[in-house]
Amino acid sequence: MQSRARAIQAVLELVSDQPVIVCNGFPSREAFKVKDRPENFYMTGSMGMAAAIGLGVALNKPQKKVVVLDGDGNVLMGLGTLATVGALKPKNFIHVVLDNEVYGSGGNQPSYSRVVKLDQIAKAAGYVNVERVREREDLVYEFKDMLGKDGPSLLLVKVTEQVEDVPWVPLPPAQIAERFRKAIA
Amino acid sequence: MIESDTFCQALQDIGFDFFTGVPDVLLAGIIETLIERRLYTPAVREDEAVAMAAGAFMAGKVPAVLMANAGLGNSLNTLASLNLLYRQPCLLLIAWRGFDGKDAPEHLVMGRTLPQLLETVRIPHRTLSEQTAPDDVRWIAQTFMKERIPVALLLKSGVVRGIQP
Ligand SMILES: Cc1ncc(C[n+]2csc(CCOP(=O)(O)OP(=O)(O)O)c2C)c(N)n1
Ligand SMILES: [Mg+2]
């Protein structure tokens, strides 16, 4: 199994100009450190809403594949959005869930993803492609595959609880949004 | 009473082209019109709706979100830490249930505190009326882009026609 930062790195190395929306907490901070790019949107508050932001982008930019880097705690908080995605079926939506089975950014308390299969919920909700991976090579293989085919897709990536020593994203939120908007225009 | 067709057209005329939200009976006529016009994307929660609106705005759309005032409670954290913080404007069309203390009991607290709640988080708001409608719409258009934050238009019962004939 790899760390969350390694999984984020693998995804960010495989995208070209695709918009990437990252959930709040350490995932955003690690993504900024691993590979900052204007097509990254770093969410700081609004826990649970990364997929909803990504959906708003995906529905209105149908020619671009939109990637959401989410956490298990985030997905559990915004669980309803799996239904919205499954019902609307945006072909250009890729939901990557970095599942460390804890609220890592909240102090490592266990989350229900230990016992509740988020990938099966996504499947039942109507996601078209759903995969679960552990190893980096499988992540790379499946994510590449999802980039090339119609979704919506969900890739559940089991990751370790390891945390990088990373600061808060040093950009003002309004600037994050504005450069993202311009970069994906 | 304002016809929902006229109301939706006025919003389209000033640029709104992405509508999402969660229904309330007071909004049923408007939502029906938006569905007919293929402009409405249903959300399952109001926080999801305002987050989708932020995504839509960054993708070049001009978004509006329909909700009951109960939904303002559901979406307050997302409005504060996403739409307001990142300066992602959207129009909030809020059904004012419990206005004047006359409604089912579950609406009374939110009905009484709706304007203060919006003022506390500094979301500019107006209440739509038939007499001031053109001015209300002009105000939305100006405030929306100038401030680059969510603005709210409050809809009381009987101002825009519902689905019943
Ligand atoms: C509404 C809300 N509740 C709680 C928090 C505190 N909080 C921030 S990140 C986080 C944990 C996120 O967990 P997960 O999505 O699994 O990401 P991880 O940090 O584990 O990678 C929590 C509880 C918050 N920011 N907002
Ligand atoms: Mg987690």
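Note: the structure precedes this text.
Cut-offs used in this document
Residues numbered from 1 in each chain as written. Chains lettered and ligands numbered in written order. Predicted model: local features only at pLDDT ≥ 70, side-chain atom pairs only at ≥ 80, totals over all residues. Heavy atoms only, no water. Core = buried A, V, L, I, M, F, W, Y, C linked by side-chain atoms within 4.5 Å. Buried < 20%, exposed > 50% of the residue type's maximum accessible area, 1.4 Å probe, protein only. Contact = heavy atoms within 4.5 Å. Pairing = 2+ DSSP bridges. Helix = DSSP H or I, 4+ residues; strand = E, 2+ residues; numbered from the N terminus. Axes fitted to C-alpha atoms, helices over the stretch in contact; angles between N-to-C directions. Patch = residues over 30% accessible without salt bridge, like charges linked within 9 Å, V, L, I, M, F, W, Y side chains within 5 Å. Areas by Shrake-Rupley, 256 points an atom, 1.4 Å probe, with all protein chains shown as cover. Salt bridge = Lys/Arg side-chain N within 4 Å of Asp/Glu carboxyl O. Near = heavy atom within 4 Å. Polar contact = N/O pair within 3.5 Å; in protein donor to acceptor, adjacent residues only side chain to side chain. Nonpolar A, V, L, I, M, F, W, Y, C, P; charged D, E, K, R; others polar. Phe/Tyr/Trp six-rings, centres within 6.5 Å; stacked < 30°, edge-to-face > 60°. Left-handed = near helix turned anticlockwise from the far one by under 90°. Donors = N, O, S within 2.8 Å, 3.2 Å for Na, K, Ca; no water.

Engineer: Residue-level account of the nonpolar core, with values.
Structural biologist: Looking at soluble globular proteins, one finds that nonpolar side chains tend to be buried together. Grouped together as the largest cluster of nonpolar side chains are 63 residues, with contacts concentrated most on Phe-41, Val-96, Leu-139 and Phe-143 of chain A. Sequence-distant contacts of Leu-139 of chain A, that is, excluding residues within four places in its chain, are made with Gln-2, Ala-7, Ala-10, Val-11, Val-133, Leu-155 and Val-157 of chain A. Counting 28 residues, the second largest nonpolar core, distinct from the first, contains Ile-31, Leu-34, Leu-39 and Val-159 of chain B.

Engineer: So what's going on with the sheet that holds strand β7 (residues 129-133) of chain A? Residues and values would help.
Structural biologist: Residues and elements named next belong to chain A. In space, the six strands of this open sheet follow the order β2-β1-β3-β4-β8-β7, with parallel pairing throughout. If you trace the sheet from one side to the other, it starts and ends with β2 (40-42) and β7, each paired once. Averaged over neighbouring strand pairs, the angle between their axes works out to 15° when direction is ignored. By the bridge criterion, six bridges tie strand β3 (residues 66-71) to strand β4 (residues 93-99) in an arrangement that is parallel. Its bridge partner lying in β4, Val-67 is registered against Ile-94. Of the strands in this sheet, β1 (20-22) and β2 are in contact with helix α2 (residues 26-35), which crosses β2 at around 145°.

Engineer: Give a detailed account of a nonpolar patch on the surface, specifying residues and quantitative values.
Structural biologist: Residues and elements named next belong to chain A. On the surface, a nonpolar cluster with roughly 330 Å² of combined accessible area is contributed by Tyr-112, Val-115 and Val-116. You can see Tyr-112 is positioned in the loop between β6 (109-110) and α6 (118-125). Its relative accessible area of 63% is what places Tyr-112 among the exposed residues.

Engineer: Pulling in residues and values, what's your account of the site of ligand 1?
Structural biologist: Neighbouring ligand 1 are 16 residues; Arg-4, Gly-73, Asn-74, Gly-104 and Ser-105 of chain A lie closest to it. Chains contributing residues near ligand 1 are chains A and B. Contact between ligand 1 and Arg-4 of chain A: an oxygen atom at 2.6 Å from a side-chain N or O atom of the residue. Contact distances for ligand 1 include 2.7 Å between an oxygen atom and a backbone N or O atom of Gly-104 of chain A. Counting only elements with at least two residues in the shell around ligand 1, the list comes to α4 (72-77) and β5 (102-103) of chain A. Among the elements that make up the shell around ligand 1, the one with the highest residue count is α4 of chain A (four residues). Residues of the shell around ligand 1, tallied by class, amount to five nonpolar, nine polar and two charged.

Engineer: Can you tell me about the packing of aromatic side chains, naming the residues and giving the values?
Structural biologist: Counted according to the given criterion, the structure contains five aromatic pairs over all chains. Relative to Tyr-86 of chain B, the ring of Phe-41 of chain A lies with its centre 5.0 Å away and its plane at 35°, an arrangement referred to as tilted. Here the residue Phe-41 of chain A occupies a position in strand β2, and Tyr-86 of chain B occupies one in the loop between α4 (69-84) and β4 (91-95), the pair thus bridging two chains. Relative accessible area serves as the criterion here: at 0%, Phe-41 of chain A is assigned to the buried category. A ring pair is formed by Trp-96 of chain B and Phe-99 of chain B, whose centres lie 4.7 Å apart and whose planes are at 70°; its orientation type is edge-to-face. For Trp-96 of chain B, a relative accessible area of 11% gives the class buried. Judged by its relative accessible area of 29%, Phe-99 of chain B falls in the partly exposed class.

Engineer: Any details on the packing of helix α1 (residues 4-13) of chain B against helix α2 (residues 28-36) of chain B? Residues and values, ideally.
Structural biologist: If you want to describe how two helices pack, look at the angle between their axes and the distance between the axes. Residues and elements named next belong to chain B. Between α1 and α2, whose axes approach to 9 Å, the crossing angle comes to 60°. Every pair of crossing elements has a handedness; the one defined by α1 and α2 is right-handed. Of the residues in α2, those in contact with Ser-4, Asp-5, Phe-7 and Cys-8 of α1 are Gly-29, Ile-30, Thr-33 and Leu-34.

Engineer: Now, about the pattern of salt bridges: what can you tell me, with residues and values included?
Structural biologist: Applying the stated criterion to the full structure yields 23 salt bridges over all chains. Between Arg-181 of chain A and Glu-178 of chain A there is a salt bridge, and its shortest N-O distance comes to 2.6 Å. Here Arg-181 of chain A pairs with Glu-178 of chain A, and both are found in helix α8 (residues 173-183), just three residues apart, close to one helical turn. Look at Arg-181 of chain A and you get partly exposed, because its relative accessible area is 24%. With a shortest N-O distance of 3.3 Å, Asp-135 of chain B and Arg-138 of chain B are connected by a salt bridge. In this pair, Asp-135 of chain B and Arg-138 of chain B are both assigned in helix α6 (residues 133-147), three residues apart and thus about one turn of the helix distant. When its relative accessible area of 46% is taken as the criterion, Arg-138 of chain B is described as partly exposed. Salt bridges sharing partners connect three or more residues here, namely Asp-99, Glu-101, Arg-114, Lys-158 and Glu-161 of chain A.

Engineer: For the coordination of the magnesium ion (ligand 2), give the residues involved together with the corresponding values.
Structural biologist: Residue and element names in this part refer to chain A. Taken together, Asp-72 (OD), Asn-100 (OD1) and Val-102 (O) make up the full set of protein donors to the magnesium ion (ligand 2), lying 2.1 Å away. As a motif over one chain, the donors of the magnesium ion (ligand 2) read D-x27-N-x1-V. On the criterion of sequence distance, the pair formed by Asp-72 in helix α4 and Val-102 in strand β5 is long-range, its members being 30 residues apart. A relative accessible area of 3% means that Val-102 is categorised as buried.

Engineer: If you had to explain the sheet that holds β4 of chain B to someone new, which residues and values would you point to?
Structural biologist: Residues and elements named next belong to chain B. Taken in spatial order, the six strands line up as β2-β1-β3-β4-β6-β5 in an open sheet, and their pairing is parallel. Two strands in the sheet have a free side with no partner beyond their single neighbour: β2 (40-42) and β5 (125-127). Averaged over all adjacent pairs, the angle separating strand axes in this sheet is 20°, with direction ignored. As paired strands, β5 and strand β6 (residues 151-155) are joined by three bridges and run parallel to one another. Opposite Arg-126, over in β6, you have Leu-153 as the bridge partner. Seen against the sheet, α4 touches β3 (63-68) and β4 and runs at an angle of roughly 130° to β3. Packing of α6 onto the sheet brings it into contact with β3, β4, β5 and β6, and relative to β6 it is tilted by some 160°.

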